[in-house]
Amino acid sequence: MQLYARDVGQGTPLVLLHAFPLSSSMWLPQREALSGRFRVITPDLRGFGGSVLGAAEPSVDTMADDVAALLKSKNIPRAVIGGLSMGGYVAMALCRRHPERVRGLVLADTKATADPDAARENRLRMAERLTAEGSVAALTEEVLPKLVGPTTMRQRALVYGRIRGLVQATPPKAAAWAQRAMAGRPDSTETLRSVRVPTLVIVGAEDGITTEADARHMADALPNAELHVIPRSGHLTSIEQPDLFNQSVADFVSAVAKSTV
Ligand code: MLT
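As a convention, each chain's residues are numbered from 1 in the sequence order in which they are written. This being a predicted model, a pLDDT of at least 70 is required before a residue's local features are given, and a value of 80 or more before pairs of side-chain atoms are given or counted; all residues contribute to the totals for chains, interfaces and linings. Working from all heavy atoms in the structure, the side-chain values ignore hydrogens and water.

Trainee: Account for the packing of aromatic side chains, with residues named and values stated.
Mentor: When two rings of Phe, Tyr or Trp (its six-membered ring) have centres within 6.5 Å they constitute a pair, described as stacked for plane angles under 30 degrees, edge-to-face for angles over 60, and tilted for the intermediate range. Applying the stated criterion to the full structure yields 1 aromatic pair. Two conditions define a charge located above a ring, namely a distance within 6 Å from the ring centre to NZ of Lys or CZ of Arg, and an angle within 35 degrees of the ring normal. Across from the ring centre of Tyr89, 3.9 Å away, lies the NZ or CZ of Arg185, which sits over that ring.

Put into structure tokens, the structure is as follows:
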């Protein structure tokens, strides 16, 4: 199964893995701002955007294997791997299963811990609802309102409208599959302790889904991490505060490129 991926620019490869329930379209501000300096590769995870869902059982490990296969197909031995939220869960699975592929790591608005029982049950309930209704009503009603922070809600209606459009374009089957995959993901704290490459941890100061405490937990577990808290942003830092996000990531990737081959 080959993921669809946008691939722009030249230089150090930077793979950006999207959040739930969005697609690689969310990385437009990063493709525009960063592709002048790096090779920016933004895949659609299976079932989302231009990638087919396939027949595999739901699992973040499968999503990580898809990304490793994409790198192999492009003859890229190692890349800086960035993931936001669900993309971060996939990036951590990649560190567990294919550490040789990871040259540096960006973990944005994500967390290392597995779901508590209530959150897991809620995901499985939502997957049932998505499947039964065959529509994304569960996403627009239950997920969308939590994705952005109060500042974006108040001051940036166009940004919110764009995110709503991306959520509405999500295939319900892909969303149900991904919810089941995320429900089954393991705790990645020990994986992070074993990461040997530099890591940038980013979190929005107004993120209510994955909090600053979650970000600190990851940064504390990682042997070589820096933490950036982005002001006036909720969960989707790359869209809500693209300039600050891009600056952080560009500085980080440049430093990684200088320090490793
Ligand atoms: C995301 O933004 O990818 C989701 O909030 C992840 C999650 O549901 O845990």
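Don't stop here, the text continues.
Trainee: I'd like to hear about the site of the ligand, residue by residue, with values.
Mentor: Here, proximity means that at least one heavy atom of the residue falls within 4 Å of the molecule or strand. The environment of the ligand is formed by Ala19, Phe20, Ser85, Met86, Tyr89, Arg123, Met182, Ile209 and His235. Counting of polar contacts relies on pairs of N or O atoms within 3.5 Å, with two restrictions inside protein: one atom must be capable of donating a hydrogen and the other of accepting it, and residues adjacent in sequence are counted only when both atoms are side-chain atoms. A distance of 2.7 Å is found between an oxygen atom of the ligand and a backbone nitrogen or oxygen belonging to Phe20. Between the ligand and His235 there is a distance of 2.8 Å, counted from an oxygen atom to a side-chain nitrogen or oxygen. Burial of the ligand by the surrounding chains reaches 92%, relative to a free accessible area of 270 Å². Among the cavities detected, the one that contains the ligand is the largest pocket. Gly counts as polar in this scheme, as do all residues outside two lists: the nonpolar Ala, Val, Leu, Ile, Met, Phe, Trp, Tyr, Cys and Pro, and the charged Asp, Glu, Lys and Arg. Of the residues belonging to the shell around the ligand, the class tally is 6 nonpolar, 2 polar and 1 charged. The accessible surface values rely on the Shrake-Rupley method and a 1.4 Å probe; as for residues, cover is taken only from the protein chains in view. The way it works is a 1 Å grid over only the protein atoms, where trapped points that fit a 1.4 Å probe form a cavity and open points with protein on both sides within 12 Å along at least five of seven lines form a pocket, and then any residue with an atom within 4 Å of a point lines it. By definition, a pocket or cavity contains a molecule when more than half of the molecule's atoms lie within 2 Å of the pocket's grid points.

Trainee: Summarise the environment of Ser194; cite the residues concerned and give the values.
Mentor: Only DSSP runs of H or I covering at least 4 residues are called helices, and only runs of E covering at least 2 are called strands; the numbering of each starts at the N terminus. On the secondary structure map, Ser194 appears in the loop between α9 (189-193) and β6 (199-204). In this structure the C-alpha to C-alpha distance between Ser194 and Ala176, which are 18 residues apart in sequence, comes to 31 Å. Polar contacts involving the side chain of Ser194 include one to the main-chain carbonyl oxygen of Thr191, which spans 2.7 Å.

Trainee: Quick rundown of the packing of helix α2 (residues 60-73) against helix α3 (residues 86-97)? Include the residues and the values.
Mentor: In this description, a line fitted to the C-alpha atoms serves as the axis of each element, helices being fitted only across the stretch in contact, and the angle between N-to-C directions of two axes falls anywhere from 0 to 180 degrees. Between α2 and α3, the shortest axis-to-axis distance is 8 Å and the interhelical angle comes to 75°. As the angle between them shows, α2 and α3 are arranged roughly perpendicular. Taking contact as the criterion, the partners of Val60, Asp61, Met63, Ala64, Asp65, Val67 and Ala68 in α2 are, on α3, Met86, Tyr89, Val90, Ala93, Leu94, Arg96 and Arg97. The residue makeup of the contact of α2 with α3, split by class, is 10 nonpolar, no polar and 4 charged. Angles are sorted into four bins: roughly parallel if under 35 degrees, roughly antiparallel if over 145, roughly perpendicular if 65 to 115, and oblique for all others. Residues count as neighbours in contact if any of their non-hydrogen atoms are within 4.5 Å of one another.

Trainee: Got a sec to walk through the side chain of Arg31? Specific residues and values, please.
Mentor: Mapped onto the fold, Arg31 is located in helix α1 (residues 28-34). Within the buried set, Arg31 has no salt-bridge partner at all; the shortest N-O distance to an opposite charge, 7.2 Å, is to Asp44. A distance of 2.9 Å separates polar atoms of two side chains, one belonging to Arg31 and the other to Thr42. In contact with Arg31, not counting residues within four places along its chain, are Arg6, Val8, Ser24, Ser25, Val40 and Thr42. Burial classes: relative accessible area under 20% of the type maximum marks a residue as buried, over 50% as exposed, and values in between as partly exposed (1.4 Å probe, protein chains only). In summary, the charge assignment counts Lys and Arg as positive and Asp and Glu as negative, without counting His or the chain termini. Take a side-chain nitrogen of Lys or Arg and a carboxyl oxygen of Asp or Glu: if they are within 4 Å of each other, that pair is a salt bridge.

Function cannot be inferred from these measures alone, as they are strictly geometric.
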